[in-house]
Amino acid sequence: MRLRQIMLLLLLALVIGAFVVLDLGRYLSFEQLKASQASFNQLYAQQPFTVAAVYFGVYVLATALSFPGAVIITLAGGAVFGLGWGLLIVSFASTLGATLAFWASRFVLRDWVESRFGQRLADINAGVDKEGAFYLFTLRLIPVVPFFLINLLMGLTRMKTWTYYWVSQIGMLAGTAVYVNAGTQLAQLDSVQGILSPALLGSFVLLGIFPLLARRGVAAIQKRQVYARWASVRPKRFDRNLIVIGGGAAGLVSAYIAAAVKAKVTLIEAHKMGGDCLNYGCVPSKALIKSAKLAHQMRHGARYGLSDTAPSFSFKAVMQRVHDVIKAIAPHDSVERYTGLGVEVLQGYGKLVNPWTVEVAMNDGQVQRLTARSIVIAAGAQPIVPPLPGLHEVGYVTSDTLWDAFAKLDDIPKRIVVLGGGPIGCELSQSFARLGAQVTQVEMAERIMLREDEEVSALAREALHADGVQVLTGHQALRCERRGEDKILVLGTQGHELELAFDALVCAVGRVARLQGYGLEDIGVPTHRTVETNEYLQTLYPNIYAAGDVAGPYQFTHTAAHQAWYAAVNPLFGDFKSFKVDYRVIPWATFIDPEVARVGLNEQEAQAQGIAYEVTKYGIDDLDRAIADSEAHGFVKVLTVPGKDRILGVTIVGTHAGDLLAEYVLAMKHGLGLNKILGTIHTYPTLAEANKYAAGEWKRAHAPQKLLAWVEKFHDWRRG
């Protein structure tokens, strides 16, 4: 804090201290007000302007300093000035005082709060920018909400002063009128509680209901405006309760939930049921990783007391196993299964014609038009293909196409270049290297796995290097060239060019939401990398929702399934209750060896957001089961609130890290701290004990040393 802010805080503390020490609050009691009523009235009759000015100043000062007794001062205004002048004076005095308190909070506290809770305040500011005036108005309408708290808290936000002033002026008017009017009847009141007559209580009930009615009214007006251009084509009745476009994780779960609650739902999928995860992502990559890991273990059999053995295998058979795994899991997501669950499945391309109508170009050539009260867009994402000159001439595969392309090969390509240092690129690079390819991984940034802490990126790079992957960070792909039978990738680094010859080029630089071809642009649904949605997953049109990769902000199968619950429940039951999507605890993992798994904040994110934290770290190299399995490498790193066991985030590097993370996900979801994990019995010998030992490290670091010193003396005394 700057010196001026500290001095202002000290001044405020002195004023409040004087108020308490001198017992000035006695002058703001109901009894004192009644006793002084006659004197006030007589003084006002003699010097009306002076009394009004002094009263105005006292009211502004009391409100600005958040002194108790605002109700008593308001009653006095009604008693002395009457309803008309009293309401006028109190209304402007209270608003001016509230604005001064708002300024004081902003000047003294906002910088400090932003430094400690930057991200949380940023989220609040986003809401204030969007509908802050309406939110403040609803708070002002309910007099039982402490207004001084509103003044202080709003001062921490980015709300404009003028907006704060005029909304407060209007919003507090109704409550002010109630209390000023009660002040005019002061002679008949026996106590402040006497204000709360049945009629007045009814007024407060109406004031409490008004924000809800106002919100619904505003929503209805906004809805009318949004749908104005489509009013003539809105169906009088609907064929379906819900139409879901896309048969990936988000679409499947949305349709399943709708069918489970007996809604009439249609799921539209043009290609393969199960989406990217089943057919191109999670499932095939994990099958490949398993085969590659077994080949790696055979080469390093001496680690387990066996002989090192060069694995003999057919690459075609490895890729066939990948497809067999897909086929084995496919029935879980099949048309037959979902039809049996009560979902109508149409195989074709769905396109929005208007906010309630979807045109389906069926795979058999037919065209259908269906209407529904609500529609869910769950179109998923697709690989990004970088705009490299010569790329199409030399040929390439993506994380989607390589499974079919490589399945046709008898042998693995000898020289593979993988573009991209994210999770997909790292998993594929390590797997192909373990299966015998000469792999070069190219990343434009200075390190791979950029979203993780630097030490995690370094460990991942070491692991890839140990398996023979050449990792080139800080290298930008410039162009591709074909020279006779040779394929060349030209890279740029520090002003120089480097040429890489390859047999196969894998583009794994990320994925982008599928936004084209679904009619979104035709009906005006805003998109920017993803479909723009609110916290309920609604698009511009409240009856159209988006979920999964197409909605973001995460591209994980489990997040898509999580969003699907909201995308199904909100449209079906939103007239009664809508639910905001909860992104507080989102886990993810990268399945290289050793695995990298994380939930919540890591150190670089905490530092970027200005969040204070402590680090507790346990090395898995000390874990009995990891030693027995010859997997003794990696760590558990836990970020906690300083001095407390509340978990802010966890990063695990090691074998089965993705499985070990589940305990921390559960703990963070339900507000359990490290003490609870430490107090939980973990089976011995298991990898899960790493979580308990990490909690133990935190406990030792926070042991009460002074108390233990006294306990030691106690034991010394007991020994005589």
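Structural data are supplied above this passage.
Counting of residues starts from 1 at the beginning of each chain's written sequence and follows it residue by residue. Local features in this predicted model are restricted to residues of pLDDT 70 or higher, and side-chain atom pairs are both shown and tallied only at a pLDDT of 80 or more, whereas totals for entire chains, interfaces and linings draw on every residue. To obtain the side-chain values, all non-hydrogen atoms of the structure were included, while hydrogens and water were left out.

The next subject is unusual backbone geometry. In this structure, the amide linkage connecting glycine 552 to the following residue, proline 553, adopts the cis form with an omega of 0°. Take proline 553: it is sitting in the loop between strand 18 (544-546) and helix 19 (557-573). Cis peptide bonds are those with omega within 30 degrees of zero, and the linkage from aspartate 593 to proline 594 qualifies with 5°. In DSSP terms, a helix is any run of H or I states spanning at least four residues, a strand is any run of E spanning at least two, and both are numbered starting from the N terminus. Mapped onto the elements of the fold, proline 594 is located in the loop between strand 19 (587-590) and strand 20 (595-600). Phi at glutamine 494 takes a positive value of approximately 50°, unusual for a residue other than glycine. As for its position among the elements, glutamine 494 is in the loop between strand 12 (486-493) and strand 13 (496-502). Phi is positive for leucine 537, which is not a glycine, with a value near 75°. Relative to the assigned elements, leucine 537 resides in the loop between strand 17 (530-531) and strand 18.

Glancing now at the sheet that holds strand 23 (residues 647-654). Two strands pair under a simple rule: DSSP has to find at least two bridges between them. Pairing within the open sheet is antiparallel, and its five strands lie in the order 19-20-23-22-21. The sheet terminates laterally at strand 19 and strand 21 (614-619), the two strands that pair on one side only. For this sheet, the mean angle separating the axes of adjacent strands, direction not counted, is 10°. Where strand 21 lies against strand 22 (residues 635-640), six bridges are found, and the strand directions are antiparallel. Each bridged residue has a counterpart across the sheet, and for threonine 616 the counterpart in strand 22 is valine 638. Angles here are taken between N-to-C directions and fall from 0 to 180 degrees, while the axes themselves are lines fitted to C-alpha atoms, restricted in helices to the stretch in contact.

Side chains of Trp85, Leu88 and Phe92 sit close together on the surface and give an oily, nonpolar patch of about 330 Å² of accessible area. For leucine 88, the position within the fold is in helix 4 (residues 70-140). Here a patch means residues that are over 30% exposed by relative accessible area and free of salt bridges, tied together within 9 Å if like-charged and within 5 Å if nonpolar (Val, Leu, Ile, Met, Phe, Trp, Tyr). Each accessible area value is a Shrake-Rupley result obtained with a 1.4 Å probe; residue values ignore everything except the protein chains displayed when judging cover. Every case where a carboxyl oxygen of Asp or Glu lies within 4 Å of a side-chain nitrogen of Lys or Arg is listed as a salt bridge.

Take the sheet that holds strand 14 (residues 504-507) next. Taken together, five strands build an open sheet; the order of strands is 7-14-8-9-10 and the sheet is parallel. Each having just a single partner strand, strand 7 (397-398) and strand 10 (470-473) make up the two edges of the open sheet. Bridge count for strand 7 against strand 14 is two bridges, and the pairing is parallel. The partner of valine 397 across the bridge, within strand 14, is valine 506. On top of the sheet, helix 16 (residues 423-434) reaches strand 8 (415-419), strand 9 (438-443) and strand 14; it is set at about 165° to strand 9, its chief contact. Throughout, a contact is declared for two residues whenever any of their heavy atoms are within 4.5 Å.

Inspection of the secondary structure puts aspartate 324 in helix 12 (residues 315-329). Taking the C-alpha atoms as reference points, aspartate 324 and alanine 287, 37 residues apart in sequence, are found 9.5 Å from one another.

What follows deals with the packing of helix 9 (residues 249-260) against helix 19. Two quantities define a packed helix pair, namely the angle between the axes and the distance from one axis to the other. Packing of helix 9 against helix 19 leaves a shortest axis separation of 7 Å and a crossing angle of 40°. Viewed along their axes, helix 9 and helix 19 form a crossing whose handedness is right-handed. Together, Ala249, Ala250, Val253, Ser254, Ile257 and Ala258 of helix 9 and Thr557, Ala560, Ala561, Ala564, Trp565, Ala567, Ala568, Val569 and Leu572 of helix 19 make up the contact between the two elements. Residues are grouped as follows: nonpolar covers Ala, Val, Leu, Ile, Met, Phe, Trp, Tyr, Cys and Pro; charged covers Asp, Glu, Lys and Arg; every other residue, Gly included, is treated as polar. Looking at the contact of helix 9 with helix 19, its residues break down into 13 nonpolar, two polar and no charged. For any pair of crossing helices, the crossing counts as left-handed if the nearer helix is rotated counterclockwise from the farther one by less than a right angle, and right-handed if it is rotated clockwise.

A few words now on the pairing of strand 14. Only protein chains enter the area calculation, which uses a 1.4 Å probe; residues under 20% of their type maximum are buried, those over 50% are exposed, and those in between are partly exposed. Alternating positions in strand 14 separate into two faces, Ala504 and Val506 on one and Leu505 and Cys507 on the other, with burial throughout. Note that strand 8 and strand 14 share four bridges and pair parallel. The residue of strand 14 that forms the bridge with leucine 419 is cysteine 507.

Glancing now at the pairing of strand 13. Across seven bridges, strand 12 lies against strand 13 in antiparallel orientation. Looking across to strand 13, one finds that leucine 491 is bridged to leucine 498. Following strand 12, the chain reverses through two residues before pairing antiparallel with strand 13; glutamine 494 in that reversal takes a positive phi of roughly 50°.

Two elements in contact, helix 11 (residues 282-299) and helix 16, have axes separated by 8 Å at closest approach and are oriented at 45°. When the axes of helix 11 and helix 16 are compared, the pair comes out oblique. Here the hand of the crossing between helix 11 and helix 16 comes out left-handed. Between helix 11, through Ser285, Lys286, Leu288, Ile289, Ala292, Lys293, Ala295, His296 and Arg299, and helix 16, the contact on the second element is made entirely by Glu427, Leu428, Ser431, Phe432 and Arg434. For the contact of helix 11 with helix 16, the residue count by class is six nonpolar, three polar and five charged. An angle below 35 degrees is treated as roughly parallel, one above 145 as roughly antiparallel, one from 65 to 115 as roughly perpendicular, and anything else as oblique.

Moving on to the nonpolar core. To form a nonpolar core, buried Ala, Val, Leu, Ile, Met, Phe, Trp, Tyr and Cys residues must be joined to one another through side-chain atoms within 4.5 Å. Counting residues in each nonpolar core, the largest one holds 40 residues, and the members touching the most others are Leu288, Phe406, Ile416 and Phe432. When contributions to this core are tallied by element, the ones reaching two or more residues are helix 11, helix 12, helix 15 (402-407), strand 8, helix 16, helix 17 (454-466) and strand 14. Setting aside residues no more than four positions away along its own chain, phenylalanine 432 makes contact with Leu288, Leu402, Phe406, Ile412, Ile416, Ala437 and Val439. Ranked by size, the runner-up nonpolar core spans 29 residues in total, among them Trp230, Ile268, Leu370 and Ile523.

This part covers the packing of aromatic side chains. In this scheme Phe, Tyr and Trp rings, the latter by its six-membered ring, pair at centre separations within 6.5 Å, and the angle between planes marks the pair as stacked below 30 degrees, edge-to-face above 60, and tilted otherwise. In this structure the tally under the stated criterion is 16 aromatic pairs. Ring centres of phenylalanine 714 and tryptophan 717 lie 6.1 Å apart, and the angle between their planes is 35°; this geometry places the pair in the tilted category. Of this pair, phenylalanine 714 and tryptophan 717 are both found in helix 25 (residues 705-718), three residues apart, which corresponds to roughly one turn of the helix. Taken together, the aromatic side chains of Tyr554, Phe556, Tyr583 and Trp588 make up a single cluster linked through ring pairs. Above the plane of the ring of phenylalanine 579 lies lysine 577, whose end atom (NZ or CZ) is 5.7 Å from the centre. Residue placement shows lysine 617 over the ring face of phenylalanine 635; its charged tip is 4.3 Å from the ring centre. Counted as over-ring charges are cases with an Arg CZ or a Lys NZ within 6 Å of the ring centre that also lie within 35 degrees of the ring normal.

Another point: the side chain of serine 105. Residue position: serine 105 is located in helix 4. Owing to a relative accessible area of 2%, serine 105 belongs among the buried residues under this scheme. Residues in contact with serine 105, not counting those within four places in the same chain, are Arg110, Asn151, Leu152, Gly155 and Leu156.

For the rest of this paragraph, the subject is the pattern of salt bridges. Note that side chains of opposite charge can pair when their charged atoms are close. A full pass over the atoms with the stated rule returns 28 salt bridges. Where arginine 514 meets aspartate 276, a salt bridge forms, and the shortest distance between an N and an O atom there is 3.4 Å. With a gap of 238 residues between them, arginine 514 in the loop between strand 15 (511-513) and helix 18 (520-523) and aspartate 276 in helix 10 (residues 275-279) connect regions that are remote in the sequence. Exposure remark for aspartate 276: the relative accessible area of 17% places this residue in the buried category. A salt bridge links aspartate 453 to lysine 637, with the nearest nitrogen and oxygen atoms 2.8 Å apart. Of the two residues, aspartate 453 is situated in the loop between strand 9 and helix 17 and lysine 637 in strand 22; the sequence distance between them amounts to 184 residues. A residue is classified by how much of its surface remains accessible, and lysine 637, at 1% relative accessible area, is buried. Taken together, the shared-partner salt bridges connect Asp453, Glu455, Glu603, Lys617 and Lys637 into one network.

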